[in-house]
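What follows is the residue order along each chain.
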Amino acid sequence: MTTATKSTQLRIGLFGIGLNTYWDQFEGLEKKLASYIAIVGDNLGNYGADVVNLGLIDDTKKAFEAGSRFRREDVDLIFLYVTTYALSATVLAVVKKAKVPVIVLNLSPEAAIDYATFNQLNNRTKMTGEWLASCSACSVPEIANVFKRSNIPFHQITGMLHNDPHVWREVEEWIAAAKVAHTMYNNTLGVMGNYYGGMLDIYSNLTLQCATFGGHIEIIEVDELSGLRDGVSAADIEEKLQVFNTWFEVQPDCSAEELKRAAVTAVALDKLVAKYNLGSMAYYHKGTGNVNADTMSSVILGTSLLTGHNIPVAGEYEIKNAQAMKIMDSFGAGGSFTEYYAMDFNDDVVLMGHDGPCHPAIAEGKIKVKPLQVYHGKVGSGLSVEMSVKHGPVTLLSVVETVDGKIMLLVAEAESVAGPILEIGNTNSRYKFAIGARSFVEAWNAHGPAHHCAIGKGHIASKIEKLSKLLEVEFVKVC
């Protein structure tokens, strides 16, 4: 299996701020603040990113140099640690030059100053120095004011340097969101085939997608995949059949001929991914003509394997949902292609699923491969996959194109629950929402998403919200 690895590792910048006038006035203050920054730098290194730590920036000359250094180092995100009072001019020079999102760390060294010990110092110079080592909150309003007036977006984490899980949970989520933004920027999305005629909600503005997320969109003809099938060897087929038996529970009524057809196409899909360095894909073709009919009626096992190997594939040429699936997969949540199937008012759940590719990494049990006599709305017959999403917390994500020509990320959190499903050879799950099935459906529909969305495991709305802030797009959570 070929997995796209186009992007390099995320790089984050860190700098702390202070005022150099203080150093001669308050012995040990500079050293103490530098040690705080070192602690933050060490902690940031635990989240799987390269850290460019520029230490304590305490005058405008260093600030201009720091901004240029961050540009040269190509950082994706900056953490600004406000260690004490500092001039906003010092901050602006860095951030304006770097031109990347900034997270302001307003972290007190401890939960509170030890007032009794502090007041017994009996030396007001020492007392002021101790206070300055704890007054991280002092200049945050000044910095926020300048950012607002400079039209520079910023985000805040307020808390304690030590013993504060909230702080590091927030840091972890910001870095996770930045990694996804980085992945999307470097992603190549393949779009193969054409839209389903008349399915107006899925038509996408490709320029808007690139302008919002970055990346490259490669337009691919189905004939190319069909052509790649001709070069598949007997050894390739046998190897892929073994993979099928490892990943799937192949049902007894699946014929050897259909499995072979699926294996040939799966190998060809691997070759297509390698040729264009694809990180995701959207496709649709009715399958007219003998050659393309053979290809497009045998893609589901191969596209499911790709999806399980971090190259999510969306059917029905649903480009927006391929983007949503890639976001979910990049967060490590999976991201399976789905739509409403039915509502169960007795159990207050919504049944959701889809034909076509599934995401093996988030399946409840082993995925069943079943033969279909007909593909509804398409030409031909072949093998399909049947699975439910793993029981437990899930998140739904839709990438929505709005009437004013912008992107919105629409999210809901739910639970995948056990119960009867429609055993028709498709992905199919039962979802329970805190606001109830009826209210969820109405609230979700009210925002005008396309009828497809991506489902991933876990409740990750807070991470997606941070991604929306990094991308500067609207975020809506219905439940």
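For the structure, check the block above.
Residues numbered from 1 in each chain as written. Predicted model: local features only at pLDDT ≥ 70, side-chain atom pairs only at ≥ 80, totals over all residues. Heavy atoms only, no water.

### Notes on the overall build of the protein chain
For the record, the criterion: Helix and strand assignments follow DSSP, with helices taken as H or I runs no shorter than four residues and strands as E runs no shorter than two, numbered in order from the N terminus. Categorising residues by exposure relies on relative accessible area from a 1.4 Å probe, with only protein chains included: less than 20% of the type maximum marks a residue as buried, more than 50% marks it as exposed, and the intermediate range marks it as partly exposed. Only heavy atoms matter for contacts: two residues are in contact if any of them lie within 4.5 Å across the pair. Throughout, the Shrake-Rupley method with a 1.4 Å probe supplies accessible areas, and for residues the shown protein chains are the sole cover considered.
Each helix and strand counted, the protein chain has 17 helices and 19 strands in total. Along the longest, intermediate and shortest principal axes, the C-alpha atoms of the protein chain span 90 × 50 × 45 Å. With 479 residues in all, the protein chain has 55% of them scored as buried. A sequence separation of at least 24 residues applies to 78% of the contacts in the protein chain between residues at least 6 apart. Approximately 20,200 Å² of the protein chain is accessible, and the part contributed by carbon and sulfur atoms is 50%.

### Quick notes on the sheet that holds strand 5 (residues 154-160)
The pairing of strands in a sheet happens through backbone hydrogen bonds and is either parallel or antiparallel. Rule in force here: Criterion used throughout: strands pair if DSSP finds at least two bridges between them. Fitting a line to C-alpha atoms yields each axis, with helices limited to the stretch in contact; the angle taken between N-to-C directions then spans 0 to 180 degrees.
With parallel pairing, five strands are arranged side by side in an open sheet as 2-1-3-4-5. Looking at strand neighbours, the two that pair on one side only are strand 2 (50-57) and strand 5, the edges of this open sheet. The sheet shows a mean angle of 20° between the axes of neighbouring strands, taken without regard to direction. Pairing geometry for strand 4 (residues 102-108) and strand 5, over seven bridges, is parallel. Paired with valine 104 across the strands is glutamine 156, a residue of strand 5.

### Notes on the state of the cysteines
To keep it simple, the criterion reads: Two cysteine sulfurs form what is called a disulfide whenever their separation falls within 2.5 Å.
What the rule picks out here adds up to zero disulfides. Left unpaired, cysteine 135 is separated from the closest cysteine sulfur, that of cysteine 138, by 4.9 Å. Unpaired in this structure, cysteine 358 has its nearest cysteine sulfur neighbour in cysteine 254, at a distance of 13 Å.

### As for the packing of helix 8 (residues 165-186) against helix 15 (residues 319-330)
Counted only if it meets this: Roughly parallel means an angle under 35 degrees; roughly antiparallel means over 145; roughly perpendicular covers 65 to 115; every other angle is labelled oblique. Crossing handedness: left-handed means the near helix sits turned counterclockwise from the far one by under a right angle, and right-handed means the same turn made clockwise. For this classification, the nonpolar set comprises Ala, Val, Leu, Ile, Met, Phe, Trp, Tyr, Cys and Pro, the charged set comprises Asp, Glu, Lys and Arg, and every other residue, Gly included, is treated as polar.
At their nearest, the axes of helix 8 and helix 15 sit 9 Å apart, and the two run at 135° to each other. Taken as axis vectors, helix 8 and helix 15 run oblique relative to one another. Crossing angle aside, the handedness with which helix 8 passes helix 15 is right-handed. Here Val180, Thr183 and Met184 of helix 8 lie close against helix 15, whose contacting residues are Gln323, Lys326, Ile327 and Ser330. Looking at the contact of helix 8 with helix 15 residue by residue, the classes come out as three nonpolar, three polar and one charged.

### As for the packing of helix 11 (residues 234-247) against helix 14 (residues 300-308)
Helix 14 packs onto helix 11 with a crossing angle of 65° between their chain directions and a minimal axis gap of 11 Å. Looking at the two axes, helix 11 sits roughly perpendicular to helix 14. For the element pair helix 11 and helix 14, the recorded crossing hand is left-handed. In this structure, helix 11 contributes Lys240, Val243, Phe244 and Trp247 to the contact, and helix 14 contributes Leu301, Leu305 and Gly308.

### What to know about the pairing of strand 7 (residues 216-220)
Inclusion rule: Seen with its strands pointing away from the viewer, a crossover is right-handed if its path from the first strand over the helix to the second goes clockwise.
Judged from the five bridges that link them, strand 6 (residues 188-193) and strand 7 form a sheet pairing that is parallel. Residue pairing for strand 7: methionine 192 is matched across the bridge by isoleucine 220. Once you follow strand 6 into helix 9 (residues 206-213) and on to strand 7, the crossover reads as right-handed.

### Considerations on the side chain of asparagine 106
Worth spelling out the cut-off: Distance and chemistry together define a polar contact, namely a pair of N or O atoms within 3.5 Å, with one atom able to donate a hydrogen and the other to accept it when in protein, and with adjacent residues in sequence counting only for side-chain atoms on both sides.
Turning to its location among the elements, asparagine 106 is positioned in strand 4. Of note is the side chain of asparagine 106, whose polar atom sits 3.2 Å from the side chain of serine 136. Discounting residues that sit within four places of it in the chain, asparagine 106 has contacts with Ser136, Ala137, Val140, Ile157, Thr158 and Gly159.

### Comments concerning the sheet that holds strand 7
One open sheet accounts for four strands, arranged 7-6-9-10; its pairing is parallel. The open sheet terminates on both sides in strands that have one partner only, identified here as strand 7 and strand 10 (313-314). Bridge count between strand 9 (residues 280-284) and strand 10: two bridges; the pairing is parallel. Of the residues in strand 10, the one forming a bridge with alanine 282 is alanine 314.

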